[in-house]
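Observations on the model geometry
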Amino acid sequence: MINEIKDVNKLIPLEIELSETLTVDNTYFNLDIFKKSKKITFFANCSYSIDFSTLSTNNIKIDNSNKEIYITIPKIDIFSIDIDENKTIYGDTEVGLLRFGDLKLSSEEINEIYINANDMFSKKMNNQDFYTQTIKNAENSLESLLFNLTGEHYDITLTLS
């Protein structure tokens, strides 16, 4: 069943794989002899997008004499964070002297861990270097597209509004 179809005009100029390690701690009384913890390393394929659907002629300036195009974009969005469960690494359970067995988690606890991992990836993606690379990749993609369409080379500069 199709619930909704949307018309989009997005460019995805950067995809990166990130990893984050969380420690699940079930230590009693904050004492080492009652320690029980496990490290879990998550890997995620993450991407950014630039939405061109809201652009108007006010956002685009063309300098034909110098073959330059200036585009003001509203923002760069995090498009997706896809945690790859097949790559997840579960460390051995670390136990204190008076604790035994593996660390068992309920489905609610596992869900909360995935929410925390997703938040960690979101924070990691709010990195200025990633945004700079996203803009550079978008400029290169648009320059290639325009060259393929027109046969002329234009320098494209994207700036955030």
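Our subject is the structure that appears above.
One numbering rule holds for all chains: residues counted from 1, following each sequence as written. Totals for whole chains, interfaces and linings use all residues, but because this is a predicted model, local features are given only for residues with pLDDT of at least 70 and pairs of side-chain atoms are given and counted only at 80 or more. Excluded from the side-chain calculations are hydrogens and water; all other atoms, namely the structure's heavy atoms, are used.

Thoughts on the overall build of the chain
In this text, helices come from DSSP runs of H or I with a minimum length of four residues, and strands from runs of E with a minimum of two, each type numbered from the N-terminal end. Check the secondary structure of the chain and you find two helices and eight strands. Each principal axis of the C-alpha atoms in the chain carries an extent, and together these give about 75 × 40 × 25 Å. Each residue gets one of three labels from its accessible area relative to the maximum for its type: buried under 20%, exposed over 50%, partly exposed in between, using a 1.4 Å probe on protein chains only. Within the chain, buried positions represent 33% of all 161 residues. Within the chain, residue pairs in contact and separated by at least 24 positions form 75% of the contacts whose partners lie at least 6 positions apart. For the area figures, the Shrake-Rupley method with a 1.4 Å probe applies, and any residue is considered shielded solely by the protein chains shown. Of the roughly 10,900 Å² that the chain leaves accessible, carbon and sulfur atoms contribute 50%. Here the positive residues are Lys and Arg and the negative ones are Asp and Glu; neither His nor the chain ends is included. Where a charge lies is defined by one atom per residue type, namely NZ (Lys), CZ (Arg), CG (Asp) and CD (Glu). Charge-centre separation for the chain: the mean point of 15 positive side chains lies 5 Å from the mean point of 26 negative side chains. Here a residue-residue contact requires only that any non-hydrogen atoms of the pair lie within 4.5 Å.

A word on the nonpolar core
Side-chain atoms within 4.5 Å are what join buried Ala, Val, Leu, Ile, Met, Phe, Trp, Tyr and Cys residues into a set we call a nonpolar core. Counting 32 residues, the largest nonpolar core has Phe-42, Phe-121 and Leu-158 as the members making the most contacts within it. Counting only elements with at least two residues in this core, the list comes to strand E1 (10-25), strand E2 (36-51), strand E4 (68-73), strand E5 (77-83), helix H1 (107-125), helix H2 (128-150) and strand E8 (155-160). Here the element with the most residues in this core is E2; it accounts for six residues. Among residues more than four places away in sequence, those in contact with Phe-42 are Leu-18, Ser-19, Glu-20, Leu-22, Ile-83, Thr-88, Ile-113, Tyr-114, Ala-117 and Phe-121.

Some points on the side chain of Lys-36
Note on placement: Lys-36 falls in strand E2. For this analysis, a salt bridge means a side-chain nitrogen from Lys or Arg found within 4 Å of a carboxyl oxygen belonging to Asp or Glu. Buried charge without a salt bridge: Lys-36, with Asp-102 as the nearest opposite-charge side chain at an N-O distance of 7.2 Å. Setting aside its immediate chain neighbours within four residues, Lys-36 contacts Val-24, Asp-25, Asn-26, Thr-27, Thr-93, Glu-94, Val-95, Arg-99, Phe-100, Gly-101, Asp-102 and Leu-103.

A few points about the pairing of strand E3 (residues 60-63)
Of the strand pairs in this sheet, E3 and E4 are connected by four bridges, and their pairing is antiparallel. Paired with Asp-63 across the strands is Glu-68, a residue of E4. Between E3 and E4, which follow one another and run antiparallel, lie four residues, and Lys-67 among them has a positive phi close to 55°. Paired strands, in this sense, are two strands between which DSSP finds at least two bridges.

Some points on the environment of Ser-19
Looking at the secondary structure, you find Ser-19 in strand E1. Each C-alpha atom of the pair Ser-19 and Met-120 lies 9.5 Å from the other, and the pair is 101 residues apart in sequence. When neighbours within four sequence positions are excluded, Ser-19 is seen to be in contact with Thr-41, Phe-42, Phe-43, Phe-121 and Lys-124.

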